[in-house]
Amino acid sequence: MQERHDAPLAPLTTFRLGGPATRLITAVTDAEVVEAVREADRTGTPLLIIGGGSNLVISDKGFDGTALRIATTGFDLQGTRLELAAGENWSDAVARTVDAGLAGVECLAGIPGSAGATPIQNVGAYGQDVSQTITEVVAYDRRTDETVTLTSTECAFSYRHSRFKEDPARYVVLRVRFELEDAGGLSAPIRYAETARTLGVEQGDRVPAVRARETVLKLRAGKGMVLDPEDHDTWSAGSFFTNPILTAAEHEAFLARVTERLGPDVMPPAFPAGDGLVKTSAAWLIDRAGFTKGYGSGPARISGKHTLALTNRGSATTEDLLDLAREVRDGVHAAFGVTLVNEPVTVGVSL
């Protein structure tokens, strides 16, 4: 277990933002992770868990406490059953499952970060999310001081949410288990319209899993959503805002605002979200509120490739980023009466 003091955290995040931690521990085994968490809890020391750093917005002042970087490794594939250590690189793990001819996570290719973060956020993209294939999550329960195994049902997954996100101070993910599908080298049914259109197939069709993965990677790269250290358009947390989910009454009021602002012939995206709820597109809202690709003149700007990504152009501070995020959030609310919610976790700051 490695330990550093007054350690920079910005290099551990995809935003490349944030001040130092009082203490940084890098754990390479589950036992080291548990030991570090127990010590922090025993001494009352604030604790920040860091995986791949792809979903963190850290204060410019840094973190006054112990930052624990989970760098555990482990890729165990037995038939269609996969177990990943929390510190495994997620995108690399997806590639290995596709190389093995298995389906279920191929459309989650290129998402930066670690495997342990995927159940927390219920990571998803292009018609797939991890809750469709996760069977169990092994985690350290800080409340009971024991390692527990939670079934998929017990994880309480919903759109970009889970039991772990609901109670972030309780669980530390150690291992994630998946049940994938052997479809003879084919993908899971293609559910996302853009993916199907790019592949030239109908929604619900299957294609070679390798082809599905390659297509998603190209789509993501075209939107600046594949991390490239040389391209500031990818210095982001991916989608900064979640797609709003509206009640029937909220959706009706939203449509009225759209008609008032853009005319009666404009219909915003709408997708059923269960229980009478409707999901609309955050990217559409941002763009139609006037925040187009490349918006901004300072060191933090909207990506030139995708309106959902807020980016660090290389010299931004966290406050620069938050100023832009607030401007976008407030502008969308003023235009359409819908409040956007940030997807990344904020540390020492808030919108």
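Structure first, text after, so check above.
Residues numbered from 1 in each chain as written. Predicted model: local features only at pLDDT ≥ 70, side-chain atom pairs only at ≥ 80, totals over all residues. Heavy atoms only, no water.

Visitor: Sorry, what's going on with the overall build of the protein chain here?
Guide: Check the secondary structure of the protein chain and you find 9 helices and 18 strands. By its C-alpha atoms, the protein chain is 60 × 50 × 40 Å across when sized along the principal axes. When the 351 residues of the protein chain are sorted by exposure, 49% land in the buried category. The contacts of the protein chain with a sequence gap of at least 6 include a subset with a gap of at least 24, amounting to 61%. Both charge centroids of the protein chain, one from 35 positive and one from 46 negative side chains, sit 2 Å from each other. (Helix = DSSP H or I, 4+ residues; strand = E, 2+ residues; numbered from the N terminus. Buried < 20%, exposed > 50% of the residue type's maximum accessible area, 1.4 Å probe, protein only. Contact = heavy atoms within 4.5 Å. Lys, Arg positive; Asp, Glu negative; His and termini not counted. Charge placed at Lys NZ, Arg CZ, Asp CG, Glu CD.)

Visitor: Help me out: how do you make sense of the packing of aromatic side chains in this one?
Guide: Any aromatic ring pair is given by two values, namely how distant the centres are and how the planes are angled relative to each other. Counted by the stated rule, this structure contains 9 aromatic pairs. Judged by centre distance (5.8 Å) and plane angle (40°), the rings of W90 and F178 are tilted. A residue pair is termed long-range when its members are at least 10 positions apart, and W90 in helix α2 (residues 90-99) and F178 in strand β12 (residues 171-179) qualify at 88 residues. A single burial state applies to W90 and to F178, both of which are buried. Geometrically, the ring pair formed by F254 and F336 is edge-to-face, given 6.0 Å between the ring centres and 80° between the ring planes. In this pair, F254 sits in helix α7 (residues 248-262) while F336 sits in helix α9 (residues 318-336), placing the two residues 82 residues apart along the sequence. By the ring-pair criterion, three or more aromatic residues cluster together here, those being F15, F240 and F241. (Phe/Tyr/Trp six-rings, centres within 6.5 Å; stacked < 30°, edge-to-face > 60°.)

Visitor: Just to check I follow, could you spell out the pattern of salt bridges for this structure?
Guide: A side chain of one charge can pair with a side chain of the opposite charge when the charged atoms of the two come close. Counted according to the given criterion, the structure contains 19 salt bridges. With a shortest N-O distance of 3.5 Å, E83 and R175 are connected by a salt bridge. Of the two residues, E83 is situated in strand β7 (residues 81-85) and R175 in strand β12; the sequence distance between them amounts to 92 residues. Residue D233 pairs with R313 through a salt bridge whose shortest N-O separation is 2.7 Å. (Salt bridge = Lys/Arg side-chain N within 4 Å of Asp/Glu carboxyl O.)

Visitor: What is the right way to look at α9 in this model?
Guide: An α-helix turns once per 3.6 residues; consequently, residues spaced three or four apart project the same way. Between the first and last C-alpha of α9 there are 27 Å, a value that for 19 residues agrees with the 27 Å anticipated at 1.5 Å per step. Immediately beyond the C-terminal end of α9, within one or two residues, lies G337, with a positive phi of roughly 75°. (Expected span 1.5 Å × (residues − 1).)

Visitor: Hey, could you run me through the packing of α7 against α9 in this one?
Guide: Packed helices, taken two at a time, are described by their axes: the angle between them and the distance between them. Across the interface, α7 lies against α9 with an axial gap of 8 Å and an inter-helix angle of 90°. Comparing their axes, α9 and α7 come out roughly perpendicular. Residues F254, R257, V258, R261 and L262 of α7 touch α9, and the partners they reach there are H333, A334, A335 and F336. Across the contact of α7 with α9, the residue classes break down as 6 nonpolar, 1 polar and 2 charged. (Axes fitted to C-alpha atoms, helices over the stretch in contact; angles between N-to-C directions. Parallel < 35°, antiparallel > 145°, perpendicular 65-115°, else oblique. Nonpolar A, V, L, I, M, F, W, Y, C, P; charged D, E, K, R; others polar.)

Visitor: Would you mind showing me how to read the side chain of E32 here?
Guide: With respect to the element layout, E32 can be found in helix α1 (residues 30-43). One buried charged residue, E32, forms no salt bridge at all, with the nearest opposite charge on R69 at 10 Å. Of the polar contacts made by the side chain of E32, one reaches the backbone nitrogen of V28; its length is 2.8 Å. Other than its neighbours up to four places away in sequence, E32 contacts M1, T26 and A27. (Polar contact = N/O pair within 3.5 Å; in protein donor to acceptor, adjacent residues only side chain to side chain.)

Visitor: Looking at this model, I keep getting lost on the environment of E260. Mind explaining?
Guide: With respect to the helices and strands, E260 occurs in helix α7. Judged by relative accessible area, which is 67%, E260 ranks as exposed. Sequence spacing of E260 and F336 is 76 residues, and the spatial spacing of their C-alpha atoms is 9.4 Å.

Visitor: Would you mind going over the sheet that holds strand β15 (residues 278-279) with me for this structure?
Guide: The antiparallel open sheet is built from 3 strands, whose spatial order is β13-β15-β14. With partners counted over all chains shown, the strands left at the sheet margins are β13 (245-246) and β14 (271-272), one partner each. Where β13 lies against β15, 2 bridges are found, and the strand directions are antiparallel. Bridging from a neighbouring strand, L246 pairs with V278 of β15. (Pairing = 2+ DSSP bridges.)

Visitor: How do you make sense of the side chain of S54 when you look at a structure like this?
Guide: Within the element layout of this structure, S54 appears in the loop between β3 (47-50) and β4 (56-58). Using a relative accessible area of 14% as the deciding quantity, one classes S54 as buried. Polar contacts involving the side chain of S54 include one to the main-chain carbonyl oxygen of P112, which spans 3.1 Å. Residues contacting S54, with those up to four places away along its chain left out, are T14, P112, G113 and A237.

Visitor: So what exactly am I meant to see when it comes to the sheet that holds β12 here?
Guide: Strand-to-strand pairing in sheets goes through backbone hydrogen bonds, with the strands running parallel or antiparallel. In space, the 5 strands of this open sheet follow the order β6-β7-β12-β10-β11, with antiparallel pairing throughout. Each end of this open sheet is capped by a strand with a single partner; those strands are β6 (75-78) and β11 (146-151). Neighbour to neighbour, the strand axes of the sheet diverge by 15° on average, direction disregarded. Alignment of β6 against β7, held across 4 bridges, turns out to be antiparallel. Within the sheet, the bridge partner assigned to Q78 lies in β7 and is R81.

Shape descriptors only; they carry no functional weight alone.
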